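Architecture at a glance
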Amino acid sequence: MFAASCLLTEDQFLCSICLDVFTDPVSTPCGHNFCKACISEHWDRNVQSECPNCKEVFNIKPELRVNTFISEMAAQFRESAQQKATSSSCSEQQVVKPGEVPCDVCTGTRLKALKSCLVCLESYCETHLEPHLTRAGLKKHQLIDPEENLESRMCVKHDKLLELFCQTDQVCVCMHCTYSEHKTHDVVPLKEGYEGKKAELRKTEAEIQLMIQKRRLKIQEMNRSVELSKEEADREIADGVQVFTALKESVERSQAELMDTIKEKQRETEEQAEGFIKELEQEVSELKKRSSEVEQLSRSEDQLHLLQSFTSLNAAPPTKNWTEVRVRPSYEGTVRRAVTQLEETLSKQMKKLLEVQLKRLQQSEVEVTLDPDTASPYLILSGKQVKHVDVKNNLPDNPERFDLGPCVLAKQSFSSGIFYYEVQVKGKTQWVLGVARESIDRKGNITLTPQNGYWTIWLWNENEYEACAGPPVRLSLKSQPEKVGVFVDYEEGLVSFYDVDAAALIYSFTGCCFKEKLYPFFSPCDNDGGKNSAPLIISPVNHTE
């Protein structure tokens, strides 16, 4: 009979209900075999008595008797399979090595455990793990990768399995803990806590990767800034060479000083960029290290290990907010300042130089339009023109509007980078131009100073010019500008005004600290009985040579 059973396969001795080797096998009238307990329980749960395999319905529940032939065959098959597994286990499986988890069931030569059971609190090699893979009752047990210290999964106070997670105290607890010190706490199943922490780890990993990406982009931006800085420095050097090579020996010293100034600023820029890049690379390194720790923990399938290790995970490394950090010096005016002392000798060269610089600044031209919602009721706007009238217009007094001062802002605002625009002031005896920050006071009498958020220049008495600084700075101009160019470098803190036709610098506010949006600011001033009736006109830049 044993020889005959060897010709049969394991599937022929498995109950189709419990999927285990038959125990007390019985046959139904339709010829199918099941464990007696399995088919009895199946029929007890259902109204009709039917075969689970062929679905034949029996009007009267059949009387079941153990099929002794199949029972003996199943017993011999089980014994044969166990003998075969035992005889080959030591040769096919690995003997436990130092540092590995041994099988708790093996006697004599102990084999390496493949899994640990959280219900039985034992570890099993391949042979002794078999019941957990085939028997219906044991299949429900939770298996994990081999764990040597399974006692750590037991509550030290109640000696019960840690199967719950207290979200209030962020610790793993047993069922008895929920009746004592964790009675009123928010307690969830271990799996739910595990999934929650797993989700947090995934979110943390995504945030870290985003931070790394931002810093890599910032490194690229800074490298590009250094390149642009060098290009601008090279242009400045070329301009300087063009000016000073036309001079005699008396100006050679000035030429060298100019070169040194530009190169020193470039060197400082590179050193600053290198310092920032080093900090960024250090942050990337720390973030990658943390990413590795988070990734390693997030891959763990061990719920308890993940939850217990989560709170001990290193805190996120301190990082700097790099959003507003820039490396891009401005060389505007460097050559001009170097040759001021040689004004008489270099007048022609200076004229040409400023023309070149202004053309470069004009490449930063932006679109500027007037915002009627900010215009004083005493102003008339027509396209890109604005002028003062004596009769007050009936306009809503919204918070953005100037109520007394004849002022208006542009619709456009700027919070980074460089920008340039030009305004025609021809025919006017008074005007104010410049930029203003967003939070300026627009009601009542206003004082135009940088402290109040205004960076402006003022023509106030036909040919009297003044920079509205604190205190005001009188300006001496060789000619009366008909078109004024306004240039702003937000990061450099620079606001410069140019006489466009004369290619001459009028005035520069330097060392400004901008933290808000900047708006172009315009005031045509009072029409002065018609003497100052000409409008301010925002003009397009003439890029022709």
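1. Description of the overall build of the protein
If you tally the helices and strands in the protein, you get 10 helices and 23 strands. In terms of overall size, the protein is more extended than a compact globule, its C-alpha atoms giving a radius of gyration of 43 Å where 545 residues would be expected to give roughly 24 Å. The dimensions of the protein, computed from C-alpha atoms along their principal axes, are 125 × 65 × 50 Å. Across the 545 residues in the protein, those meeting the buried criterion constitute 42%. Partitioning the intrachain contacts of the protein with sequence separation of at least 6 by distance along the chain shows that 61% fall at a separation of at least 24.

2. Quick look at the nonpolar core
One finds Trp431, Ile457, Phe509 and Phe522 to be the most contacted residues of the largest nonpolar core, which totals 37 residues. Setting aside residues no more than four positions away along its own chain, Trp431 makes contact with Val425, Ile457, Trp458, Leu459, Tyr465, Val484, Ser523, Pro524, Cys525 and Leu536. Judged by nonpolar contacts, the second largest core, of 23 residues, contains Cys166, Val173, Val284 and Phe310.

3. Side note on helix α2 (residues 36–45)
Buried residues of α2: Cys38, Ile39, His42 and Trp43, and no others. Buried residues of α2 fall within an arc of 125° about the axis and therefore sit on the same side. With respect to the buried face of α2, the exposed residues turned more than 90 degrees away are Ala37, Asp44 and Arg45. Where α2 is buried, its residues touch β1 (25–27), β2 (33–35), β3 (49–50) and β4 (57–58).

4. Here's the deal with the packing of aromatic side chains
As enumerated under the stated definition, the model contains 12 aromatic pairs in all. Measuring from centroid to centroid gives 5.0 Å for Trp455 and Phe514, while their planes differ by 85°, and the two rings are edge-to-face. A residue pair is termed long-range when its members are at least 10 positions apart, and Trp455 in strand β16 (residues 454–459) and Phe514 in the loop between β21 (504–509) and β22 (518–523) qualify at 59 residues. One exposure class covers both Trp455 and Phe514, and it is buried. Summarising the aromatic geometry, the rings of Tyr490 and Phe514 are spaced 5.4 Å apart at their centres and angled 45° between planes, so their arrangement reads as tilted. Placement of the pair is Tyr490 in the loop between β19 (483–489) and β20 (494–499) and Phe514 in the loop between β21 and β22, with a sequence separation of 24 residues. No difference in accessibility class separates Tyr490 from Phe514, as the two residues are buried.

The rules behind the values
- Residues numbered from 1 in each chain as written.
- Predicted model: local features only at pLDDT ≥ 70, side-chain atom pairs only at ≥ 80, totals over all residues.
- Heavy atoms only, no water.
- Helix = DSSP H or I, 4+ residues; strand = E, 2+ residues; numbered from the N terminus.
- Rg over C-alpha atoms; globule rule 2.2 N^0.38 Å.
- Buried < 20%, exposed > 50% of the residue type's maximum accessible area, 1.4 Å probe, protein only.
- Contact = heavy atoms within 4.5 Å.
- Core = buried A, V, L, I, M, F, W, Y, C linked by side-chain atoms within 4.5 Å.
- Arc of directions from axis to C-beta.
- Phe/Tyr/Trp six-rings, centres within 6.5 Å; stacked < 30°, edge-to-face > 60°.

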